[in-house]
Amino acid sequence: MRHHAATKGHALFNRTTEDMAVVVLADKCEQERQAEANALEYQHLGGAAEDARAEV
């Protein structure tokens, strides 16, 4: 970047970064509780009906 900025005359440049994290629950009880919460949220958001509309 230093070389590019020097050769093109740029004094400033912008960098944007993005990262992704995967959360793995170590506690089996917490895994089960989260799976139940996810299932309830899935149903609340339309569940299988929403999946069917997405496939069309």
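Residues numbered from 1 in each chain as written. Predicted model: local features only at pLDDT ≥ 70, side-chain atom pairs only at ≥ 80, totals over all residues. Heavy atoms only, no water.

Now for the overall build of the chain. Helix and strand content of the chain: 3 helices and 0 strands. Mapped in sequence order, the helices and strands of the chain form the string α-α-α. Every one of the 56 residues in the chain was classed for burial, and the buried ones make up 4%. (Helix = DSSP H or I, 4+ residues; strand = E, 2+ residues; numbered from the N terminus. Buried < 20%, exposed > 50% of the residue type's maximum accessible area, 1.4 Å probe, protein only.)

Once that is clear, we can look at the confidence of the model for the chain. Averaged over every residue, the pLDDT of the chain is 79; the share at 70 or more is 71%. Of all secondary-structure elements in the chain, the lowest mean pLDDT belongs to helix H3 (residues 47-55), at 62, while helix H2 (residues 28-44) reaches the highest, 89. (pLDDT = per-residue confidence, 0-100.)

Moving on, we get to H2. Side chains that are three or four residues apart share a direction in an α-helix, a result of its 3.6 residues per turn. Counted at 1.5 Å a residue, the expected span for H2 with its 17 residues is 24 Å, and the 24 Å between its end C-alpha atoms agrees. Just past H2, the residue glycine 46 takes up positive phi, approximately 115 degrees. (Expected span 1.5 Å × (residues − 1).)

Attention now moves to the pattern of salt bridges. One pass over the full model with this rule turns up 1 salt bridge. Here glutamate 30 ties to arginine 33 by a salt bridge, and the two come within 2.7 Å at their closest N and O atoms. A residue pair is termed a helical-turn pair when its members lie 3 or 4 positions apart in one helix, as glutamate 30 and arginine 33 do in helix H2 at 3 residues. Among the residues examined, glutamate 30 registers a relative accessible area of 29% and is labelled partly exposed. Arginine 33 sits in the partly exposed class, given a relative accessible area of 43%. (Salt bridge = Lys/Arg side-chain N within 4 Å of Asp/Glu carboxyl O.)

Let us now look at the environment of glutamine 31. Mapping glutamine 31 onto the fold places it in helix H2. Once you skip the residues sitting within four places of it in the chain, glutamine 31 turns out to touch Leu25 and Ala26. At 2.5 Å, the side chain of glutamine 31 and the backbone oxygen of leucine 25 are in polar contact. (Contact = heavy atoms within 4.5 Å. Polar contact = N/O pair within 3.5 Å; in protein donor to acceptor, adjacent residues only side chain to side chain.)

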